[in-house]
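Listed here are the chains, written in short residue letters.
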Amino acid sequence: MLLPVPAYEPVSLSWYLKLVLLWGGWLSWPLLAWQGWRLWRHGASWSWGRRAGAVVMIAVLLAFIDARFIERYRITVQETAIPIGVPARVALISDLHLGLYKSPAYLERVVDRLNELKPDAVLIAGDLTGDPDQNLSGLLAPLKRLTMPAYSVPGNHDEQRPGPRLERELHQTLVSLGVTPVEYTHADLGSFTLVGMGDRWAGKDGIAPVQAAPHDKPIVVLMHNPDSAMQLEPGMARLVLAGHTHGGQIRLPGLYKKVIASENGFDRGLHDWAPVPVYVTSGMGESRVPLRWLVPPVIDIIDLR
């Protein structure tokens with residue numbers, strides 16, 4: 001079949017609209033060339049206003065090309081020290097949205113970079129999938145090459161909020177690839193206990209796993225939606241790690257906060273005003289539109305010492 005099709009749900013109008021957004025972006029290149037040629041060839045005879053309009057159009061096209069073809073494929077690394085007295089250095093990634101907008105080839109690059117960085121563990125804060133166009137075993141296969149332990153929780157796109165319901169197959173696939181799902185449970189990471197919470201939009205983010213975890217070591221909670229942290233009480237954990245917000249994804253100054261899907265104003269970075277300090281990664285993939293601007297994909301390396 002020439003067109004990619006969904007692997008886990010029927011073809012829908014929204015799928016074709018996303019294909020149009022994905023492939024239609026290539027038209028920006030000839031539009032840029034045409035607009036540049038017109039300005040070079042005829043600009044001298046235009047009014048000041050018309051020349052200014054052409055320059056603005058070129059600037060908009062350049063920004064779009066950067067968001068569509070350059071920034072969303074980058075991999076940046078941000079190192080942050082959050083001293084909670086734990087001798088560990090962890091990598092936090094989230095929102096890969098593997099599928100129509102992000103391919104396994106991109107995940108291969110992410111895994112290569114993680115292996116170079118050599119954190120003590122990789123923590124995946126949900127939304128591994130986004131409109132999958134092939135089986136999860138193929139989409140996520142590069143995770144098998146990680147050279148350090150990895151742990152994950154699901155996000156709303158993994159829980160049919162929106163998207164096909166994938167939690168059972170996702171869980172099985174991750175286990176087969178050496179990644180440990182920690183939703184509703186905890187894992188002993190040596191110097192601290194990692195507790196996993198379920199997704200908020202799926203109604204699975206109760207705090208019972210945090211209450212049930214042993215408290216003989218510092219507790220770090222991994223969740224997808226940072227709003228879930230507002231249920232915690234001070235002292236229940238040392239730190240919360242989350243994703244979901246994408247940092248706005250298209251970070252237009254003064255406007256991006258209006259599109260961040262947070263009830264409590266979480267953005268990116270450390271939020272020490274919450275009941276428990278919350279660190280939010282801006283993630284690595286895209287939802288709705290295949291664009292990222294002024295907020296490139298990031299691997300967060302967090303030093304907890």
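Details of the layout of surface pockets
Then comes step 1: The space that makes up the largest pocket amounts to roughly 630 Å³.
Then comes step 2: Lining the largest pocket we find 36 residues, and of these His-157, His-246, Gln-249, Ser-287 and Arg-288 sit closest to its centre.
Then comes step 3: Of all the elements in the fold, those that place two or more residues in the lining of the largest pocket are helix H1 (13-24) and strand S5 (129-130).
Then comes step 4: For the lining of the largest pocket, the leading source of residues is H1, giving 3 residues.
Then comes step 5: Reported here for the second largest pocket is a volume of approximately 150 Å³.
Then comes step 6: Looking at the lining of the second largest pocket element by element, the count peaks at 3 residues for H1.
Then comes step 7: For the lining of the second largest pocket, the class distribution of residues is 8 nonpolar, 2 polar and 4 charged.

Things to note about the packing of aromatic side chains
Then comes step 1: Across all of its chains, the model carries 3 aromatic pairs by this definition.
Then comes step 2: Three or more aromatic residues joined by ring pairs make a cluster, and in this case those are Trp-26, Trp-29 and Phe-69.
Then comes step 3: The side chain of Lys-102 reaches across the aromatic face of Tyr-106, ending 4.5 Å from its centre.
Then comes step 4: Here the guanidinium or amino end of Arg-251 rests over the ring plane of Tyr-256, the centre of that ring lying 3.9 Å away.

With respect to H1
Residues separated by three or four positions in an α-helix point in the same direction, a consequence of the helix having 3.6 residues per turn.
Then comes step 1: Taking 1.5 Å per residue as the helical rise, H1 with its 12 residues ought to reach 16 Å, and the 16 Å between its terminal C-alpha atoms agrees with that figure.
Then comes step 2: Where the residues of H1 are buried, they touch helix H3 (48-70).

So, the sheet that holds strand S13 (residues 278-280)
Then comes step 1: Ordered in space as S8-S9-S10-S11-S13-S12, the 6 strands form an open sheet in which the pairing is mixed. Edge strands, defined here as strands with exactly one partner in the open sheet, are strand S8 (186-188) and strand S12 (269-271). Direction aside, the axes of adjacent strands within the sheet are offset by 20° on average.
Then comes step 2: Here S8 runs beside strand S9 (residues 193-196); their pairing, made up of 3 bridges, is antiparallel. By the bridge assignment, His-186 is partnered in S9 with Val-195.

Observations concerning the pattern of salt bridges
Then comes step 1: What the rule picks out here adds up to 15 salt bridges.
Then comes step 2: Taking the shortest distance from any N to any O, the salt bridge between Glu-116 and Arg-113 comes out at 3.0 Å. Residue Glu-116 and its partner Arg-113 are located together in helix H4 (residues 104-117), separated by 3 residues, close to a single helical turn.
Then comes step 3: With relative accessibility at 53%, the residue Glu-116 sits in the exposed group.
Then comes step 4: Each of Arg-72, Lys-102, Glu-286 and Arg-292 takes part in a single network of salt bridges with overlapping partners.

What counts, and where the lines are drawn
Residue numbers run consecutively from 1 along every chain, following the written order of its sequence. Local features in a predicted model are, by the rule used here, given only for residues with pLDDT of at least 70; side-chain atom pairs are given and counted only at 80 or more, and totals for whole chains, interfaces and linings are based on all residues. Only hydrogens and water are set aside; all other atoms, that is, all heavy atoms of the structure, feed into the side-chain values. The definitions used throughout rest on a 1 Å grid laid over the protein atoms alone, on which a cavity is an enclosed set of points accommodating a 1.4 Å probe that cannot get out and a pocket is an open set flanked by protein within 12 Å on both sides along at least five of seven lines; lining residues are those having an atom within 4 Å of a point. Grid points are joined across faces, edges and corners, and a volume is the space filled by probe spheres set on the points. Counting from the N terminus, the helices are the DSSP runs of H or I reaching at least four residues and the strands are the DSSP runs of E reaching at least two. Three classes are used, and their members are as follows: Ala, Val, Leu, Ile, Met, Phe, Trp, Tyr, Cys and Pro are nonpolar, Asp, Glu, Lys and Arg are charged, and the others, Gly among them, are polar. Stacked, edge-to-face and tilted labels apply to pairs of Phe, Tyr and Trp rings (six-membered ring for Trp) whose centres lie within 6.5 Å, assigned for plane angles under 30 degrees, over 60, and everything in between, in that order. Comment: the charge-over-ring label is applied if NZ (Lys) or CZ (Arg) is within 6 Å of the ring centre and within 35 degrees of the ring normal. Residue count minus one, scaled by 1.5 Å, sets the expected span of a helix. In what follows, a contact means two residues having at least one pair of non-hydrogen atoms within 4.5 Å. We call two strands paired when DSSP finds no fewer than two bridges between them. To get an axis, a line is fitted to the C-alpha atoms, and for a helix only the part in contact is used. The angle between two axes follows their N-to-C directions and goes from 0 to 180 degrees. One side-chain nitrogen of Lys or Arg within 4 Å of one carboxyl oxygen of Asp or Glu is enough to make a salt bridge. Relative accessible area decides the class of each residue, using a 1.4 Å probe on protein chains only: under 20% of the type maximum gives buried, over 50% gives exposed, and in between gives partly exposed.

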